[in-house]
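The lines below spell out each chain.
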Amino acid sequence: MDQKTDIDVTAAASTSIPAAAETGKSPTSSSSGMTRTLSIGQHRKIKVKFSGEEDVLGMSPTGVAAEELMNKAAGKQARGAAWQRKILLDLQDETAFSSTELQVLLHHFSEHQTSDDHVDKETFFKSLGAAFCTSDTRLLQAMYAAMDDSSRGWISFSQFACALSTLYRGDKDDILSFWFRMYDRDRDGFLDKEDFERLLQDVNRTTYKEIKVYVDEEVFPEEGGGCDDPRLLLLSFQEFRTIMDEYDVIPIFVNPHKFAQHKQAPAMRALSPAEREVLLLLGSDVAASQGQLLIQENDKCDHFFFLMEGEVQLQRGGINLGTLPEGSFVGEAALFSDIKQDDGEQSNTFTTAVAVTSEDARLLRLFIGDFHPLVYHQHPGATAIVQRLGRIMLERFQQTEDRLQAILAGQARQSEAGMRLSSRDWAAFRKRLTRQWALKYHKIGRTGKLEVVPTKLMGTKEDLSVAYSPGVAEPCLSIQQNEKFAYEYTAKGHLVGVITNGTAVLGLGNIGALAGKPVMEGKAVLFKKFADLDAFDLEVNCDDPVKLVDLLVALEPTFGGVNLEDIKAPECFYVEREAQRRMSIPVLHDDQHGTAIIAGAGLINALEIIGKEISSTRVVVCGCGAAGFTCAKYFVSLGVQQQNLIAVDVKGVVYTGREDLSEPDNYLSEVAVDTPLRTLKEAVAGADVFLGLSAGNLLTPEMLLSMARDPLVFACANPIPEIDPEIAAATRPDVIMATGRSDFPNQINNVCAFPYIFRGALDCRARAVNEEMKRAATYAIAALAKRPVMKRRSPSAGDLIQLATAAAATAAAGAAPQQQQQQQQQQSEQQAGAAANGSTTSSTLSTDVSAAAAESSGIASSTASSGTSQQNPPADTPAAAAAGGRSGSPPKGHHRHTGSGKQHHTRRKSYGEGCFYTAAEGEGGNAPVVFGKHYIIPKPFDERLLPEVAGAVVEAAIATGVARLADIDIVQYKRTLADLALRTSM
């Protein structure tokens, strides 16, 4: 117990305060007496309330009674702290909970106890029953009876904690013992037939029938078994345990956090077992009725809710943000309840009002303070929930901003908007909120974002003798004889080095290597998340590019590939080029090439939409740092004419003959052109494409108006783009807009490229990442945007009918032409009937039989037809092999026509065949994502990126001879990666 806690004590009239005590504040008189705060020692205060009157001089009564009373109160506090320490120590041995978990549970229990260490039956049912994850009154009654084994009418914390430990983490013997006590009403160690039948209600129906038959025949026979002794018709615990062991039975209420699919907790299905455990153990049941306000807007709450049943509505400033169903968290602003507000600063809270909309609602209330000790000790469930709250907070903040912008765009009056912040105040508020959560995010649980986890068993000394000495010598000797074995016996083949010197970190500049470490850890996490590649981040204090190259070369034995990050220009060009020349593993500076690859994919698709040829397109690149310079060169490699590309930096247009370009180490001379244009305004006039990698608000509406028809604007500056997308759309309705931000359509995001490029390069053990591999990635990304976004789903009855129909069509493929036509007509009638019945769900079945049926009967499946819409590079380039098979081969899903006029099918099995798909909805449940001006680039979480982009990279590497492994089955490889993407829910 905290020594600084104030103690309230009521004293009689005859009590007095010793002269040694210091009066903390003047006495206050009232009808009920007066109160003094006294300081005792340096860290403790005591509040003494006098029920009598003061003496005539206005002084407190004197005597020794007050001293005795204070000593008694202090002793009680000390005894309470000692009792807590003792009970927690005892429970550490008696339960499976850690000391931190027990402390948090004790605090939760103390919030509801009616007297010292006691909770009565009514309070248990009202507030603590949620911990057992059931609303079944019969079951709770039995559990309470098992805890209150002396029938005292109350339970202690020890009984409560032991019961929870048994249900959540107990072994089978503990569970069976607790289960038996739940129904042993007279506590004699036996169950009669009625008790046992009540107990059997806690097992599934099939097991119930099996055990019931056995017990009725062997334990409780109707004839009494020919014996008059009633005790022989009772079931002892030993017999009970034997029966349950024989049938391998445990009650359905055990491990509720692991079996949330059961009807007891359907709202928790989306949570991990560790999260469910924390919610159930620490949550207090709250019942609410329709219209009840659970949280007031902008209140600084210290608690949040998890919705178990019912619906609630979110509101912010009079704006309805939507209705949430069961399984939702609300009150996420409690995350910041511990942050002190500076004087003059606006509120730190962003509390959204929450009101119940359903007739009734049931919630779990949790205090954020209970989570702090668990998070500090890296409890996985508590840490995950805190991260969920942070994510929800940012999502709802963005949702509020979007709704507000929609209201403002509709020119609603301020009274209708309900809230109105200036753009400057809103941006400052958002920045402060994001900063607070970003710091918490990196601190909670295990600090940082990375950890090393062994991939082999390490539980015994035998395991260690193989993982380390002496067994580890064998792979060492094999690698010494042949270095290729390093890819088979070590992590080299799936390990990327993320290396920086911190000279150009994000938009922060040269902040140093150590300050850039959070970014490098984040990059390593992205490799793992999107491509299942391991990565080590290395931050090196080395500004000398020559020494940095030497360091990279020395690290080659460690990694399968090196991702250079946040190295300033022009040094980054030399470092990447020279390191790749001297190393035989892929080296890629993502700041340059990742942006170029994604922007190139967007350029290809956008030009297709507006019907312009890339060779005649005029492009302006604003910003000539590492990314801008590389994008300019890459656009030329994609087909933009050098003379049609104008680069602009802080000094204006990069033109031939500019004074600073005469310097030998000025890389901009590579993109300089002979032009009379000198300013950004002049360069933009008449241009088809604007690519911004510079600073915010550089492209004015007047400049946009001067561009050619259907202008393409890629404004990638962060966080403020070169022109606001809404302003751009209002200025030029025909504009196709892309940004570097995730809250606008068409995000130019490097994460769509670099994880998959490295995945493909490492899987084929490429010696480098060449230009052909980059272009293959670009074309693969561009093609994905034109294919319907599908997601896997469970088959329906209609799917099975379709499957059977397709199989029948395949079986009859060799029948007479008249028979085939008859089958086609029947299938057409079935489809027409389904449409007439209102079956409008966009779905497809991709299987061998359905594909064969489609080819034989003319029914096109979306899987087979989607390949026809893919844009392929010129057939004579190595990238053609990456996009549509080996050079000279027709694209997958097409036909090869021979001189005889016969059509030979060359279709190979797709990696997704045998699965059911349905069209994926857009964000917020909108219409399905469709290729067009608002969707020219796949979204980062598109699970198709891994197999398609990595597969294209591997094919290009093999075609250009940089792959050490050239015998990869690309179809099987893509299928494997597709399954990996699905398993890891990327």
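Not measured: the values here are computed from a predicted model. (Residues numbered from 1 in each chain as written. Predicted model: local features only at pLDDT ≥ 70, side-chain atom pairs only at ≥ 80, totals over all residues. Heavy atoms only, no water.)

Novice: Sorry, what's going on with the sheet that holds strand S16 (residues 360-367) here?
Specialist: What links the strands of a sheet is backbone hydrogen bonding, and the strands pair in either a parallel or an antiparallel sense. Ordered by their spatial adjacency, four strands build an open sheet running S9-S16-S11-S14, and the pairing between neighbours is antiparallel. Every other strand in the sheet has two partners, leaving strand S9 (284-289) and strand S14 (329-330) as the edge strands with one partner each. Pairing of S9 with S16 involves six bridges; the strand directions are antiparallel. Along S16, the bridge assignment pairs Ser284 with Arg365. Packed on one face of the sheet, helix H11 (residues 368-376) meets strand S11 (303-309) and S16 and runs near 50 degrees to S16. (Pairing = 2+ DSSP bridges. Helix = DSSP H or I, 4+ residues; strand = E, 2+ residues; numbered from the N terminus. Contact = heavy atoms within 4.5 Å. Axes fitted to C-alpha atoms, helices over the stretch in contact; angles between N-to-C directions.)

Novice: Can you walk me through the nonpolar core in this structure?
Specialist: It is characteristic of soluble globular proteins that their nonpolar side chains tend to be buried jointly. With 107 residues, the main nonpolar core has Val562, Leu603, Phe635, Leu712, Phe714 and Met773 as its most contacted residues. The contacts of Phe635, once residues within four sequence positions are left out, are Ala596, Ala599, Gly600, Leu603, Val619, Val640, Leu645 and Leu691. Grouped together as the second largest cluster of nonpolar side chains are 87 residues, Leu105, Met182, Phe220 and Leu374 included. (Core = buried A, V, L, I, M, F, W, Y, C linked by side-chain atoms within 4.5 Å. Buried < 20%, exposed > 50% of the residue type's maximum accessible area, 1.4 Å probe, protein only.)

Novice: Got a minute to help me understand the environment of Asp590 in this structure?
Specialist: Inspection of the secondary structure assignment puts Asp590 in helix H21 (residues 590-610). You can call Asp590 buried: its relative accessible area is 0%. Separated by 36 residues in the primary sequence, Asp590 and Ala626 place their C-alpha atoms 9.7 Å from one another. Apart from residues no more than four positions distant in its own chain, Asp590 is found in contact with Lys523, Asn563, Leu564, Glu565, Thr595, Asn750 and Phe754. A polar side-chain atom of Asp590 sits 2.4 Å from a polar atom in the side chain of Lys523. (Polar contact = N/O pair within 3.5 Å; in protein donor to acceptor, adjacent residues only side chain to side chain.)

Novice: Which parts of the structure should I look at to understand the packing of helix H6 (residues 172-183) against helix H9 (residues 237-247)?
Specialist: When two helices pack together, their arrangement is captured by the angle between the axes and the distance separating the axes. It is at 11 Å that the axes of H6 and H9 come closest, and there the two elements cross at 125 degrees. In terms of orientation, H6 lies oblique with respect to H9. You can see that H6 and H9 cross each other, and the crossing is right-handed. Between H6 and H9, the residues in contact are Lys172, Asp173, Leu176, Ser177, Trp179 and Phe180 and Phe237, Phe240, Arg241, Met244 and Asp245, respectively. Its residues assigned to classes, the contact of H6 with H9 shows six nonpolar, one polar and four charged. (Parallel < 35°, antiparallel > 145°, perpendicular 65-115°, else oblique. Left-handed = near helix turned anticlockwise from the far one by under 90°. Nonpolar A, V, L, I, M, F, W, Y, C, P; charged D, E, K, R; others polar.)

Novice: What is the right way to read unusual backbone geometry from this model?
Specialist: The bulk of non-glycine residues show a negative phi, and the bulk of peptide bonds are trans. Cis geometry is found at the peptide bond from Ser469 to Pro470, where omega equals 5 degrees. A positive phi angle, close to 55 degrees, is found at Arg187, a residue other than glycine. Examined against the element boundaries, Arg187 turns out to sit in the loop between H6 and strand S7 (190-191). At Asp248, a position not held by glycine, the phi torsion is positive, near 50 degrees.

Novice: It is not clear to me how the pairing of strand S18 (residues 534-539) should be interpreted in this structure. Could you clarify?
Specialist: On a regular strand, each side chain points to the face opposite its neighbour's, so the side chains alternate between the two faces of the sheet. Note that strand S17 (residues 495-500) and S18 share six bridges and pair parallel. Across the sheet, the residue bridging to Thr500 is Glu539, located in S18. After leaving S17, the chain enters helix H18 (residues 517-531) and then returns to the sheet as S18, a path that is right-handed. (Right-handed = clockwise from strand over helix to strand, strands pointing away.)

Novice: Looking at this structure, how should I read H11?
Specialist: One turn of the α-helix equals 3.6 residues, which is why residues spaced by three or four share an orientation. Taken as a whole, H11 has its buried residues at Ile368, Asp370, Phe371, Leu374 and Val375. Axial view of H11: buried residues confined to an arc of 140 degrees, hence all on one face. (Arc of directions from axis to C-beta.)

Novice: Before we go on, may I ask you to explain empty space enclosed by the protein in this structure?
Specialist: It is a probe the size of a water molecule, rolled over the atoms, that shows where empty space is left. Inspection of every chain in the model, using the stated rule, returns six cavities of 30 Å³ or more. Each pocket or cavity is described by its volume, and for the second largest cavity that value is around 80 Å³. Along its surface, the second largest cavity is lined by Phe97, Glu101, Val104, Leu105, Arg169, Glu277, Val278, Leu281, Leu282, Leu374 and His379. Ranked by the residues each element gives to the lining of the second largest cavity, the list is headed by helix H10 (residues 273-282), at four residues. The residue inventory of the lining of the second largest cavity, partitioned by class, reads seven nonpolar, one polar and three charged. (1 Å grid on protein atoms, 1.4 Å probe; cavity = no way out; pocket = protein on both sides within 12 Å on 5 of 7 lines; lining within 4 Å. Points joined across faces, edges and corners; volume = space filled by probe spheres on them.)

These figures capture arrangement, not role.
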